[in-house]
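Below, each chain spelled out in residue letters.
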Amino acid sequence: MKTVVIGVIGADVHAVGNKIIDYVLSKNGYNVVNIGVLSSQEDFINAAIETDAKAILISSLYGHGELDCQYMKEQCDEAGLSDIKLYVGGNIVVGKQDFIQVEKRFKKMGFDRVYPPGVKIEQALVDLKEDIGI
Amino acid sequence: MKTVVIGVIGADVHAVGNKIIDYVLSKNGYNVVNIGVLSSQEDFINAAIETDAKAILISSLYGHGELDCQYMKEQCDEAGLSDIKLYVGGNIVVGKQDFIQVEKRFKKMGFDRVYPPGVKIEQALVDLKEDIGI
Amino acid sequence: MVKNEKMPLQDFLKIREEILQGWPTGEHPALKLEESVKRLKSVPPHKNFALKLRKAKEEGITLVQPRAGVARLDEHIELLQYLEKVGQADFLPSTIDSYTRHNRYENAEDGIKESEKQGRSLLNGFPAVNHGVDGCTKVYENVNVPLQARHGTPDARLLSEIIHASMWTSNEGGGISYNIPYAKIISLEDTIRYWQYVDRLVGYYYEQGIELNREPYGPLTGTLVPPCISNTVAIIESILAAEQGVKNITVGYGQGGNLVQDIAALRALEEQTNHYLKLFGYEDVFITTVFHQWMGGFPSNESEAIGLIGYASTVAALGKATKMITKTTHESQGIPTKEANAKGLRTSKMVVNLLKDQKAPDSSELQEEIDQIKKEVDSLIHAIVKIGKGDIATGVVKAFKAGIIDIPFAPSELNNGKILPARDIDGKIRILEFGCLGFSDELKDFHREKLVQRAKIQKRELSIQMTIDDIYAISEGCLVGFTKD
Amino acid sequence: MVKNEKMPLQDFLKIREEILQGWPTGEHPALKLEESVKRLKSVPPHKNFALKLRKAKEEGITLVQPRAGVARLDEHIELLQYLEKVGQADFLPSTIDSYTRHNRYENAEDGIKESEKQGRSLLNGFPAVNHGVDGCTKVYENVNVPLQARHGTPDARLLSEIIHASMWTSNEGGGISYNIPYAKIISLEDTIRYWQYVDRLVGYYYEQGIELNREPYGPLTGTLVPPCISNTVAIIESILAAEQGVKNITVGYGQGGNLVQDIAALRALEEQTNHYLKLFGYEDVFITTVFHQWMGGFPSNESEAIGLIGYASTVAALGKATKMITKTTHESQGIPTKEANAKGLRTSKMVVNLLKDQKAPDSSELQEEIDQIKKEVDSLIHAIVKIGKGDIATGVVKAFKAGIIDIPFAPSELNNGKILPARDIDGKIRILEFGCLGFSDELKDFHREKLVQRAKIQKRELSIQMTIDDIYAISEGCLVGFTKD
Ligand code: B12
Ligand code: B12
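Predicted model only: the values in this text are computed from it and were never measured.

Caption draft 1: Main features of the overall build of chain C. Broken down by element type, chain C carries 17 helices and 10 strands. At 21 Å, chain C has a C-alpha radius of gyration in line with the 23 Å of a compact globule built from 485 residues. Over its C-alpha atoms, taken along the principal directions, chain C stretches across nearly 65 × 50 × 40 Å. In chain C, buried positions account for 69% of the 485 residues. Residue pairs at least 24 apart in sequence account for 75% of intrachain contacts in chain C once pairs closer than 6 positions are excluded.

What follows is the structure, given as structure tokens:
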């Protein structure tokens, strides 16, 4: 059973999606470590190290995602998590923006998978299976 | 009391505006000759000659206005009505179009006043008074 | 005088021969009845209007249909495909152009040519007769939902032949509803006969095992029409159609504006159509309803227009209409682009889907309004039957002449044109001037009281100005008009 | 333990001194109470939130208000002016950014600077504390309708001081509603005290002859919240506010989706707030209601989104809410542009204007739903009072701990988090898992029956999957969710 860390980054309290992600991933055979809302980069990294997680799934809904996710990849590398898969989804920027551009920016920041608003976790399962198995 | 001819041109049966125009102009001191819906250019011209009208107010709502109004000015001139004021209003072209262009086209066709959709007859009263008095 | 009697097959076939000669496209192998029957039998259920309506009625849902039509065949197909895919239309129309509606096929031909030349539609609809069976069949083949002709044609006999032979499984209109609001001086006797023919054709197909849908045109002039009047016309046209053998009828009603009155009107319409059909001896006619989003002058602001569309959709869903005809944000301006049309559909569909599990709760206000409308309709139909000495076709012709039935703001000179509607203080449509309308004094008193109440509250006089204010009101963002000064 | 007791003026003034030192902008001449009283007395009635609400309530109309806020002062003013002029907003908000909500004024300062540099807002709201009284007063001076701060701030004491001194005449929030849905581990006792302070400030102004409006935040998590739960919180926060001297309160409710339940919830909310205020001895509090357009996940298609907005507006108007908070077609994507925001307003306003002369008719379905909600609220409040030994503040803290009151999907660890809502077959929100909710067995049976009925009809099991399907449902265009397979 593969372990994944999920949570909502920054000063963000959107909890609904997070609870559903927890439920859906668990149901689909993952060991889900849910650090919940209002989580810092450190929270994610510590949880991943402690549980030997294969992927970190960051949610950001409230608009400050771009700020909150800066240097996340570098922090992971420093913590010895250079192989861990980094996913981000939700409403990760402020306002309605062209997603092609947004994806580029986040990929450049080191994220492996970047999801636009409205992509349900069910749809991302295929990617997760491809990237880390079950 | 000045006489004006009103009616709806072509194969057009939109009667509501026409009835209101009749009522409002009459109430405001005009002698209104209403030839109703489904009226041809000839109907307008004949009515104007018979009643010594000072203006013809053509309504066109159904979209074929541009076709139906072609050569109206020339027909008036030929019938000896070169001084009569020619107004047109309603939804005089097919679809939502830039009104500046539409107005130009109708002015070129010889209309003195051209009104966009939604201009109520009450708002056109000022122009009528200016052009022909009461 | 025209009578409500089934047209003998012989007579029908004889007229048919003539009709098909009205324009060259009337000569087509598919217009041999054996051939058209074969074609119609090949229509799968999901493309059959009548059957899709039956299914929707069973499920208690509201389906959506736009208006749409352009001059050129390919552009028309593209338009319909767009409305099906992007707009998610459940039914597709082909709105027919105004020349075809007046049987001016040569003008329509010029319109097509000029449109081809200019690369854009110069006609306000699809000239189905000119495109003929080949064109119309191509339309049918290129869409995946049922097709209907929507028009306003006093004499739609050739048009109807062509569309049904092209596997369009529904046709809108009727001898009254496509005359009085759509013509100036065409005899009502004639148009009733023309539409008896159209219905007889549908009845003929039914005899061959093919169920087609017919839709009397409900909203009439679309402008402050009191429910009792449009419902009465719909019921009479249903009876006329049923006599000719039509078995699947959708009766229509145009949004009035007051939620309770609109839902009451829909309920009364369905119940009384069924009631009167049975009363007149037509037992197995399947009735559904169609709700038209606001048919009068629209607000020009597009956000306001879409608000009106959202509200209308709520009413249709709560009133459990089986179908809803949608409008667009371009309504006040002109014929909509396909994009605007699809957007109106999507907005409408969202609302009816959201509300599919709900209906308006029963309430005494609703029940009283239903009862009121029914009483009024009973009164009108009674008067019509009486003046027709028992024959509804004769009756309706005479009733129009006498002003017993009178459609507000209709262009037709056959219409008495004396009735004046106005809203009461809740926004329900009532009658201010009755002309010779077939109402008892009791009914008249009810309307008068309601309007006196409004006049008092608004501190104004009972006058035609009320009507005019109400005509402008919705496009200016309110329901009950008032004079600013 | 926190108690529902009016804060003595001395205590208030002492805390106040500290609070104003929380950030440099707390030092401002306008923050001397004599000065702020003078300023607030200069506010004309049309810019006073409390008075405009009184007028609307009298007229029985529904007014509209958007959400809106950006980092830079000038851009924020431009935004509000646009919403006033183009959007025709009746009330204006300033939605506060998330850093300010967490009292992280330094982060907010960086956000403003970075936004100035990049020429666009990088914050998700208006950092009112950082802009201080000067900035907020400039906002006030540049608009012509009343202003309100809308946020989600557990400790909004400094913020509230600044906005009121800047002549903003309303403030949203409460010790429960701005904690449980907006925080993870902040003590409920603390936030209730913080908000007692905020209310005491408003009470102080009232003593000086100034009526300000307060609005407990109704929708909570905005996601399938059963009406009894949000109504209970609103009533408790009203009582807490009234104790501190607040006299003008707007209780809120977020659209659930079923028309009858939503109208019932609005009616029950208003009636029970008035009832409980009187019961607890607060006689002269003026209550209005606010309806929030759908607060859960929105459809991404913009036409569908605007359909939802139109439907929501219909419900607000029929339910006679005094105010409605509007959404936009950008909702599912991100913070809206000013254009999208204004469009949402215009659509909403069109509908409430159209419907201003109408209300939902009384019906037994509506009455039963009102009675049901009232019974549930009575049960919850009874349990809270009991566990608080008569004190509602103590009671609510203990009730959350015990799970007697439980908010679905709330992020707070203080919340029991065991309750699971789901829709019944009409789309009314019911409860599937109760956790320790303060419900009698009779109440529980009612809910269970309703959900068993749905499970039967939908041929599925009673499970959390129902809840999940329902969470997705509206954004996917239906109300009652179902699993496709
Ligand atoms: C009601 C209505 C109908 C009713 C008409 C009933 C009747 N017999 O009167 C019915 C349902 C029958 C109908 C039929 C059709 N209609 Co129609 N109809 C409308 C609608 C909704 C309102 C018109 C109205 O009554 N407005 C209220 C009155 C008071 O306003 P008014 O007519 O605009 O007149 C005022 C002003 O414009 C101005 N005015 C008018 N003329 C003039 C002239 C002068 C000189 C001046 C100064 C002012 C002036 O003063 C008037 C009084 O204040 C409009 C769209 C809209 N405006 O919202 C479409 C509309 C006019 N119809 C349209 C069409 C296409 C049709 C049909 C061809 C097909 C169809 N789609 O069903 C048929 C046409 C039949 C025919 N042969 O004419 C289109 C025209 C498209 C275009 N121009 O691009 C419109 C714009 C709808 C749309 N967007 O598609 N229609
Ligand atoms: C409900 C809601 C709230 C509730 C949250 C309650 C709670 N505590 O959970 C309340 C009302 C409290 C709230 C508050 C705020 N909100 Co809010 N909220 C929403 C709303 C309407 C729905 C969110 C939701 O629950 N969706 C349902 C769940 C199931 O979907 P989801 O969260 O998107 O998650 C799914 C997918 O996105 C995906 N997913 C999510 N994360 C990830 C990660 C990975 C790796 C993958 C693969 C997939 C994935 O899977 C999830 C499950 O399928 C959205 C708009 C919308 N979507 O319609 C705004 C929205 C997210 N909120 C917004 C904002 C700005 C706020 C506020 C700052 C201020 C405000 N305007 O009130 C505060 C923020 C408080 C804070 N500090 O965080 C903005 C964000 C703007 C932006 N990004 O530009 C939005 C987009 C609304 C808007 N258009 O303005 N909000």
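Caption draft 2: Examining the pattern of salt bridges more closely. Residues and elements named next belong to chain C. The full count for this structure, using the stated rule, is 86 salt bridges over all chains. The shortest N-O distance in the salt bridge between Glu 369 and Arg 430 comes to 2.9 Å. Linking Glu 369 in helix 14 (residues 364-387) with Arg 430 in strand 10 (residues 429-433), this pair joins segments that are 61 residues apart in sequence. Both residues of the pair, Glu 369 and Arg 430, belong to the buried class.

Caption draft 3: Just the relation of the copies chain C and chain D, in detail. Superposition record for chain C on chain D: RMSD 0.0 Å, screw rotation 180°, translation along axis 0.0 Å. Such a turn and shift between the copies fits a two-fold axis. Of all interface residues in chain C, 97% are interface residues in chain D too; the two copies therefore contact each other through one and the same surface.

Caption draft 4: View of the sheet that holds strand 1 (residues 3-8) of chain B. Residue and element names in this part refer to chain B. Read across the open sheet, the 5 strands follow the order 2-1-3-4-5; overall the sheet is parallel. The sheet terminates laterally at strand 2 (31-34) and strand 5 (113-114), the two strands that pair on one side only. Relative to strand 5, strand 4 (residues 85-90) runs parallel, the two sharing 2 bridges. If you follow Tyr 87 over to strand 5, its bridge partner there is Arg 113. Contacting strand 1, strand 3 (55-60), strand 4 and strand 5, helix 6 (residues 121-132) runs over the sheet at an angle of about 175° to strand 4.

Caption draft 5: Structural view of the coordination of the cobalt atom of ligand 2. On the protein, His 14 of chain A (NE2) is the one donor atom to the cobalt atom of ligand 2, at 2.2 Å. Relative to the helices and strands, His 14 of chain A resides in the loop between strand 1 (3-8) and helix 1 (16-27).

Caption draft 6: The site of ligand 2, seen in detail. Around ligand 2, 49 residues are found, and the nearest of them are His 14, Ala 15 and Ser 59 of chain A together with Gly 334 and Tyr 472 of chain D. Residues within reach of ligand 2 are spread across chains A and D. One of the side-chain N or O atoms of Asp 12 of chain A is found 3.3 Å from an oxygen atom in ligand 2. Note that a nitrogen atom of ligand 2 is positioned 2.8 Å from one of the backbone N or O atoms of Val 13 of chain A. The residue makeup of the shell around ligand 2, split by class, is 28 nonpolar, 16 polar and 5 charged.

Caption draft 7: Main features of the arrangement of the chains. By contact count, the leading pair among the 3 pairs of chains in contact is chains C and D. Here chain B and chain D are not in contact; the least distance found between their C-alpha atoms is 17 Å.

Caption draft 8: Main features of the site of ligand 1. Residues in contact with ligand 1 amount to 49 residues; listed here are only the nearest, His 14, Ala 15 and Ser 59 of chain B together with Gly 334 and Tyr 472 of chain C. Chains contributing residues near ligand 1 are chains B and C. Interatomic distance of 2.9 Å between a backbone N/O atom of Val 93 of chain B and a nitrogen atom of ligand 1. When contributions to the shell around ligand 1 are tallied by element, the ones reaching two or more residues are helix 1 (16-27), strand 3, strand 4 and helix 6 of chain B together with helix 5 (98-101) and helix 17 (464-473) of chain C.

Caption draft 9: Spatial organisation of the domain arrangement of chain C. Residues and elements named next belong to chain C. What the domain assignment lists for chain C is domain 1 (9-355) and domain 2 (364-476). Put simply, the middle of domain 1 and the middle of domain 2, counted by C-alpha atoms, are 26 Å apart. At the junction of the two partners, domain 1 supplies 48 residues and domain 2 supplies 46 residues. Together, Ile 180, Leu 224 and Gln 261 form the three largest contributors to the area buried by domain 1 at its contact with domain 2, with a combined 17%. Where domain 1 meets domain 2, there are 1 salt bridge. Measuring nitrogen to oxygen at the nearest pair gives 2.4 Å for the salt bridge that ties Lys 374 to Glu 271. Taken together, domain 1 and domain 2 are joined by 11 residue pairs in polar contact (both at pLDDT 80 or more). Counting residues per element, the ones that place at least two in the side of domain 1 that touches domain 2 are helix 9 (188-207), helix 10 (227-243) and helix 11 (259-279).

Caption draft 10: Local environment of the interface of chain C and chain D. Facing the 38 residues of chain C at the interface are 37 residues of chain D. In total, about 3,100 Å² of surface goes out of reach between chain C and chain D, with carbon and sulfur atoms giving 62% of it. When the buried area of chain C at its contact with chain D is split by residue, Met 350, Leu 354 and Gln 358 of chain C rank highest and sum to 20% of it. Seen at the junction of chain C and chain D, the total is 2 salt bridges. Glu 304 of chain D is the salt-bridge partner of Arg 346 of chain C, the closest N and O atoms lying 3.0 Å from each other. Between the two partners, chain C and chain D, sit 8 residue pairs in polar contact (both at pLDDT 80 or more). Only helix 11, helix 12 (302-318), helix 13 (338-354) and helix 14 of chain C provide two or more residues apiece to the side of chain C that touches chain D.

Calculation criteria
- Residues numbered from 1 in each chain as written.
- Chains lettered and ligands numbered in written order.
- Predicted model: local features only at pLDDT ≥ 70, side-chain atom pairs only at ≥ 80, totals over all residues.
- Heavy atoms only, no water.
- Helix = DSSP H or I, 4+ residues; strand = E, 2+ residues; numbered from the N terminus.
- Rg over C-alpha atoms; globule rule 2.2 N^0.38 Å.
- Buried < 20%, exposed > 50% of the residue type's maximum accessible area, 1.4 Å probe, protein only.
- Contact = heavy atoms within 4.5 Å.
- Salt bridge = Lys/Arg side-chain N within 4 Å of Asp/Glu carboxyl O.
- Least-squares fit on C-alpha atoms with pLDDT ≥ 70 in both.
- Pairing = 2+ DSSP bridges.
- Axes fitted to C-alpha atoms, helices over the stretch in contact; angles between N-to-C directions.
- Donors = N, O, S within 2.8 Å, 3.2 Å for Na, K, Ca; no water.
- Near = heavy atom within 4 Å.
- Polar contact = N/O pair within 3.5 Å; in protein donor to acceptor, adjacent residues only side chain to side chain.
- Nonpolar A, V, L, I, M, F, W, Y, C, P; charged D, E, K, R; others polar.
- Domains from an automatic or database assignment.
- Buried area = accessible area lost by both parts, 1.4 Å probe.

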